[in-house]
Amino acid sequence: MSTEAPRAVMARAFRETTLSLIGLFQVYEVEPDLACATADVLAKLFRRHLRHVPANGDTSRRCPLHALVDEMDQVLGD
Amino acid sequence: MKSTFRRLFAELRAEVRSPKHCAAFAEARERHNAFQDHGAVASVLGVLADGGPDRYAEKEALSRALIAEQQAHPSAFWAAVLLVAYFPMLSRLRHRIYGHALASDDLDQLVVTSFLGVVADYPLDAGLDRTAMRLRQRTERQVFRVVCAEQEELLLFRSGPPENLADSERARWPEFRHNGTPAPRNPIDTADAVALLVEHAGELLDGETFDLLTATLICGRRISSYLDGALPDLDARERRRVYQRIKRRHSRALARMRPALEHLRCPCGEPAGLCVCRDADQPEEVAER
């Protein structure tokens, strides 16, 4: 999908994908390392397609997938 | 004595004495000083069955060691040992329950699951003494809370106006999976359940709350189990504080979700809903597909 696509539609699709992964990872109790790696990959794709620069927030002790959903919510709220 | 309850414990007694659990007990003996003088779990159960007051300290230490073991390494074996050890208390409790709101087998299960729930949540780090008494009190409270609620609902069903019944059903929606019910392991069912939650409630929830609701609604995990997985390093005081915060967040999220899921309830008027009833006025009648 190109970057010309509406940001909101794309951000919403990324958000639903991330939520689905959070749910599946919870059901299958995956290792935190896999959740971190998945969040990294998704975040890179999300930021590249939406040309988004993440705000510097306190992400210590937080699941990176949860933080990524918050970041997507920021884009949707803009 | 209820024969099913007695039969259940007879089976549990046989199970805990099985040689296949010797290794588990030997490993636990390395971890707990209270087990040092005992060569097998039968010896532990023998001490706990001693009704005299002279061995209070020893029995207290053994109870705490058994609870710690079940909390740290939850297994059917340690659950069975605790149930057998506390059988006299559980049996007395079971026979104090009157009423027709729950079937006899359900009452047996209620007593057992309530006790194991209390064991799972028991705050060993809080420095409490008289563990056996506290287990009994907490289990009684848990059991009678459920029995009273069922009794009230039965009364409402029999004598109350239909509007009250509808309100009572709405308050429980969406329902939790029963404790211990495993999450769907079939990948297709799992994907369907997660997709349903994303589709209908995803927009209302942040990532952390979605994770929490997946754990309770889809996986059937207790909030305390969710907390252990999400934040395993908390000390006891912080854990209690975070637990209360998560519990409140969980309740608020459920309340927020209800309107969004309302059209999926049975009976529903929308063809896209989950309800498979042919007639919206007769929810018991399930259409063949």
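Predicted model, so just to flag it, every value in this text is computed and none were measured.

**Quick word on the overall build of chain B**
A tally of helices and strands in chain B yields 13 helices and zero strands. Moving toward the C terminus, one meets the helices and strands of chain B in the order α-α-α-α-α-α-α-α-α-α-α-α-α. The 289 residues of chain B split such that 37% are buried. Restricting the contact set of chain B to residue pairs at least 6 apart, pairs at least 24 apart contribute 61%. For chain B, the accessible area works out to roughly 16400 Å², and carbon and sulfur atoms hold 52% of it.

**Description of the pattern of salt bridges**
According to the stated counting rule, one finds 17 salt bridges over all chains in the structure shown. Salt-bridge contacts for aspartate 73 of chain A lead to arginine 15 of chain A; the nearest nitrogen and oxygen are separated by 2.5 Å. Of the two residues, aspartate 73 of chain A is situated in helix α3 (residues 64-77) and arginine 15 of chain A in helix α1 (residues 7-28); the sequence distance between them amounts to 58 residues. Residue arginine 241 of chain B is joined to glutamate 238 of chain B by a salt bridge in which the shortest nitrogen-to-oxygen separation is 2.8 Å. Within this pair, arginine 241 of chain B and its partner glutamate 238 of chain B are both found in helix α13 (residues 236-261), separated by three residues, close to a single helical turn.

**Here we look at the layout of surface pockets**
Residues and elements named next belong to chain B. One number sums up the size of the second largest pocket: a volume of about 690 Å³. Looking at the lining of the second largest pocket, the elements with two or more residues in it are α3 (41-48), α4 (56-72), α5 (76-85), α6 (87-94) and α8 (131-159). For the lining of the second largest pocket, a count of residues per class yields 13 nonpolar, four polar and eight charged.

**Regarding empty space enclosed by the protein**
Residue and element names in this part refer to chain B. Here the structure, examined in full by the defined rule, presents one cavity of 30 Å³ or more. Counted as a void, the largest cavity has a volume near 30 Å³. In this structure, the largest cavity is lined by Ile97, Tyr98, Gly99, His100, Ala101, Leu102, Leu107, Val147 and Gln151. For the lining of the largest cavity, the class distribution of residues is six nonpolar, three polar and no charged.

**So, the interface of chain B and chain A**
Between chain B and chain A, the contact holds 25 residues from the first and 17 residues from the second. When the two sides are added together, the surface that chain B and chain A hide from each other amounts to roughly 1600 Å², 56% of it contributed by carbon and sulfur. Viewed at the interface, chain A and chain B are joined by two salt bridges. The closest approach of N and O atoms between arginine 12 of chain A and glutamate 203 of chain B, which form a salt bridge, is 3.9 Å. In this assembly, chain B and chain A are joined by eight residue pairs in polar contact (both at pLDDT 80 or more). Secondary structure elements with two or more residues in the side of chain B that touches chain A: α10 (187-201) and α11 (207-218) of chain B.

**Brief notes about the packing of α10 of chain B against α11 of chain B**
All names here are of chain B. Where α10 contacts α11, the two axes come as close as 11 Å, and the packing angle between them is 130 degrees. By the angle between their axes, α10 is oblique relative to α11. The interaxial crossing formed by α10 with α11 has right-handed handedness. Packed against α10, whose contacting residues are Ala193, Val194, Leu197 and Val198, the element α11 presents Phe210, Leu213, Thr214 and Ile218 at the interface. Each residue belonging to the contact of α10 with α11 can be placed in one class, and the counts come to seven nonpolar, one polar and no charged.

Definitions and cut-offs
- Residues numbered from 1 in each chain as written.
- Chains lettered and ligands numbered in written order.
- Predicted model: local features only at pLDDT ≥ 70, side-chain atom pairs only at ≥ 80, totals over all residues.
- Heavy atoms only, no water.
- Helix = DSSP H or I, 4+ residues; strand = E, 2+ residues; numbered from the N terminus.
- Buried < 20%, exposed > 50% of the residue type's maximum accessible area, 1.4 Å probe, protein only.
- Contact = heavy atoms within 4.5 Å.
- Areas by Shrake-Rupley, 256 points an atom, 1.4 Å probe, with all protein chains shown as cover.
- Salt bridge = Lys/Arg side-chain N within 4 Å of Asp/Glu carboxyl O.
- 1 Å grid on protein atoms, 1.4 Å probe; cavity = no way out; pocket = protein on both sides within 12 Å on 5 of 7 lines; lining within 4 Å.
- Points joined across faces, edges and corners; volume = space filled by probe spheres on them.
- Nonpolar A, V, L, I, M, F, W, Y, C, P; charged D, E, K, R; others polar.
- Buried area = accessible area lost by both parts, 1.4 Å probe.
- Polar contact = N/O pair within 3.5 Å; in protein donor to acceptor, adjacent residues only side chain to side chain.
- Axes fitted to C-alpha atoms, helices over the stretch in contact; angles between N-to-C directions.
- Parallel < 35°, antiparallel > 145°, perpendicular 65-115°, else oblique.
- Left-handed = near helix turned anticlockwise from the far one by under 90°.

In short, geometric facts, not functional conclusions.
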